[in-house]
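Next come the chains, spelled out residue by residue.
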Amino acid sequence: MVLNPLDAICNRPRKDAVCVSQLRNARKVDEGILEERPDVKIFLPFRFLFYRPEQLFRPHTYNKFLAAVGGDHVISLIDEISFEFPPSPPLSQIHDIPQEQFCNGDNRPAECGNNCMCTHQVDIPLNAVVEVVLVDEVQSPNLSHPFHLHGYAFNVVGIGRSPDQNVKKINLKHALDLDRRGLLHRHFNLPPAKDTIAVPNNGYVIFRFRADNPGYWLFHCHFLFHILIGMNLIIHVGTQADLPPVPHNFPKCGNHLPPISFH
Ligand SMILES: [Cu+2]
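Parameters at a glance
- Note that residues are indexed from 1 along each chain, following the sequence as it is written.
- Since the coordinates come from a predicted model, pLDDT governs what is reported: local features require at least 70, and pairs of side-chain atoms require 80 or more to be given and counted, while whole-chain, interface and lining totals use all residues.
- Derived side-chain values reflect all non-hydrogen atoms in the structure, with water molecules and hydrogen atoms excluded from consideration.
- Strands here mean DSSP runs of E at least two residues long; helices mean DSSP runs of H or I at least four residues long; both are numbered from the N terminus.
- Using C-alpha atoms as the atom set, the radius of gyration is obtained and then compared with a globule rule of 2.2 Å times the number of residues to the power 0.38.
- Each residue is assigned to one of three classes by its accessible area relative to the maximum for its type, calculated with a 1.4 Å probe on protein chains only: buried under 20%, partly exposed between the two thresholds, exposed over 50%.
- Should any heavy atoms of two residues lie within 4.5 Å, those residues are considered in contact.
- Calculation of accessible area relied on Shrake-Rupley with a 1.4 Å probe; when residues are assessed, cover is drawn exclusively from the protein chains displayed.
- For the purpose of counting charges, residues Lys and Arg are taken to be positive, whereas Asp and Glu are taken to be negative. His and the chain ends are not included.
- Taken as the charge location is NZ of Lys, CZ of Arg, CG of Asp or CD of Glu.
- By this definition, two strands are paired if DSSP reports at least two bridges between them.
- Lines are fitted to the C-alpha atoms to define the axes, a helix being fitted only along its stretch in contact, and any angle between axes, read from their N-to-C directions, falls within 0 to 180 degrees.
- Water is not among the atoms examined, so metal sites may look incomplete; donors are the N, O and S atoms within 2.8 Å of the metal, or within 3.2 Å for Na, K and Ca.
- Salt bridge, as used here: a side-chain nitrogen of Lys or Arg that lies within 4 Å of a carboxyl oxygen of Asp or Glu.

1. Some details on the overall build of the protein chain
Right, so step 1: A count of helical and extended segments in the protein chain gives four helices and 16 strands.
Right, so step 2: Radius of gyration (C-alpha) of the protein chain: 20 Å, near the 18 Å computed for a compact globule of 263 residues.
Right, so step 3: Counting only C-alpha atoms, the protein chain reaches 65 × 50 × 35 Å along its principal axes.
Right, so step 4: Per-residue burial over the protein chain gives 46% buried out of 263 residues.
Right, so step 5: Across the protein chain, every contact between residues at least 6 apart in sequence was considered, and the portion connecting residues at least 24 apart equals 76%.
Right, so step 6: Just so you have it, the protein chain exposes about 14,700 Å², and 55% of that area is on carbon and sulfur atoms.
Right, so step 7: The protein chain carries 24 positive and 26 negative side-chain charges, and their two centres are separated by 7 Å.

Shown next, in the form of structure tokens:
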């Protein structure tokens with residue numbers, strides 16, 4: 001019996017495998033999680049951006065990238081944004097971070113381009129029930145990205161691939177369309193709690209959590225080499241007023257590199 005089969009056939013019982021979404025939680029699940037409509041719903045497609053050598057190796061161009069097995073030079077985008085870590089920790093030094101550093105799908109910096117890089121942050125009101133729909137647009141065979149959320153356990157309510165046999169590759173548009181037509185199946189029978197979930201290749205995962213833990217929580221693919229190329233975002237729950245004060249004389253850090261100039 002395989003847990004989390006790579007073929008992601010999760011919509012029917014089978015003898016050879018079981019999907020996480022088919023497990024049942026031994027504990028009681030927050031009633032709000034089991035309501036049909038969450039308070040906040042976020043679709044997060046993720047993919048790779050393939051650089052052409054002439055984009056990457058122009059003089060004075062120092063983009064980060066990952067050299068993949070096949071020789072491709074890639075960065076990662078979640079909702080068309082490649083995550084950049086901020087120069088200081090938001091939790092203790094939010095006022096040291098320029099506001100322009102942050103962005104999200106609804107607030108993209110002007111002229112950000114197709115390799116848009118900023119500190120991707122999604123703001124969530126404290127105590128909201130949040131639903132996240134991850135959509136694998138990478139579609140690399142046998143590659144399932146293990147997404148991990150800090151600060152919470154979430155309940156997995158759906159996992160699978162497109163039920164439409166004619167659709168060879170899932171993408172955000174198709175997932176939104178499936179959702180509108182009620183074809184992104186969710187189950188509310190004691191959904192299991194996890195803090196990491198592998199998104200099936202060419203498939204999707206739907207999970208929910210109650211945002212009752214304020215702060216700046218990193219949500220990211222757990223392959224370290226994907227973290228380095230931007231497969232992350234911050235789930236920012238609540239406001240500064242919901243956080244305890246920063247202790248007196250708490251150590252500070254920042255960007256210790258002087259600005260680089262090329263002459
Ligand atoms: Cu990944």
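Okay, back to it.
2. Side note on the side chain of Ser82
Right, so step 1: If you trace the backbone, Ser82 turns up in strand β6 (residues 82-83).
Right, so step 2: Residues in contact with Ser82, not counting those within four places in the same chain, are Lys64, Ile75, Ser76, Leu77, Cys116, Met117, Cys118, Ile229 and Gly230.

3. Details of the sheet that holds strand β9 (residues 129-136)
Right, so step 1: Across the sheet, which stays open at both edges, the seven strands sit in the order β4-β5-β3-β9-β14-β11-β12 with mixed pairing between neighbours. Of all the strands in the sheet, just β4 (66-67) and β12 (193-194) have a single pairing partner and so form its edges.
Right, so step 2: Pairing analysis gives six bridges linking strand β3 (residues 40-51) to strand β5 (residues 73-78), with the strands arranged antiparallel. When the sheet's bridge partners are listed, Phe48 is paired in β5 with Ser76.
Right, so step 3: Across the sheet, helix α3 (residues 172-180) touches β3 and β9, and the angle it forms with β3 is around 160°.

4. Some points on the pairing of strand β10 (residues 145-149)
Note on strand geometry: in a regular strand, side chains alternate between the two faces of the sheet.
Right, so step 1: With respect to burial, β10 is a largely interior element, five of its five residues being buried.
Right, so step 2: Burial along β10 is two-sided: His145, Phe147 and Leu149 and Pro146 and His148, pointing in opposite directions, are all buried.
Right, so step 3: Taken together, the four bridges between β10 and strand β13 (residues 196-199) define a ladder with antiparallel strand orientation. In the sheet register, Phe147 faces β13, and the bridge partner there is Ile197.

5. Notes on the coordination of the copper ion
Right, so step 1: Here the copper ion is held by His145 (ND1), Cys221 (SG) and His226 (ND1), and the distances to it run 2.0 to 2.2 Å.
Right, so step 2: The sequence pattern describing where the donors of the copper ion fall on their chain is H-x75-C-x4-H. Within this pair, whereas His145 is found in strand β10, its partner His226 is found in helix α4 (residues 224-227), the two being separated by 81 residues in sequence. As far as the burial class goes, His145 and His226 line up, both buried.

6. Quick notes on the pattern of salt bridges
Charged atoms that come close allow side chains of opposite charge to pair.
Right, so step 1: Counted under the stated rule, the structure contains twelve salt bridges.
Right, so step 2: Note that Arg208 is salt-bridged to Glu131, the shortest N-O span being 2.8 Å. Placement of Arg208 in strand β14 (residues 203-210) and of Glu131 in strand β9 is noted, with a sequence separation of 77 residues between them.
Right, so step 3: Judged by relative accessible area, Arg208 falls into the buried class, the value being 0%.
Right, so step 4: When the shortest N-O distance is used, the salt bridge between Arg181 and Asp177 registers 3.0 Å.
Right, so step 5: Residue Arg181 is classed as partly exposed on the basis of its relative accessible area, which comes to 48%.
Right, so step 6: Taking relative accessible area as the criterion, Asp177 reaches 26% and is therefore assigned partly exposed.
Right, so step 7: One continuous salt-bridge network, built from bridges that share partners, spans Lys41, Glu131, Asp179, Arg186 and Arg208.

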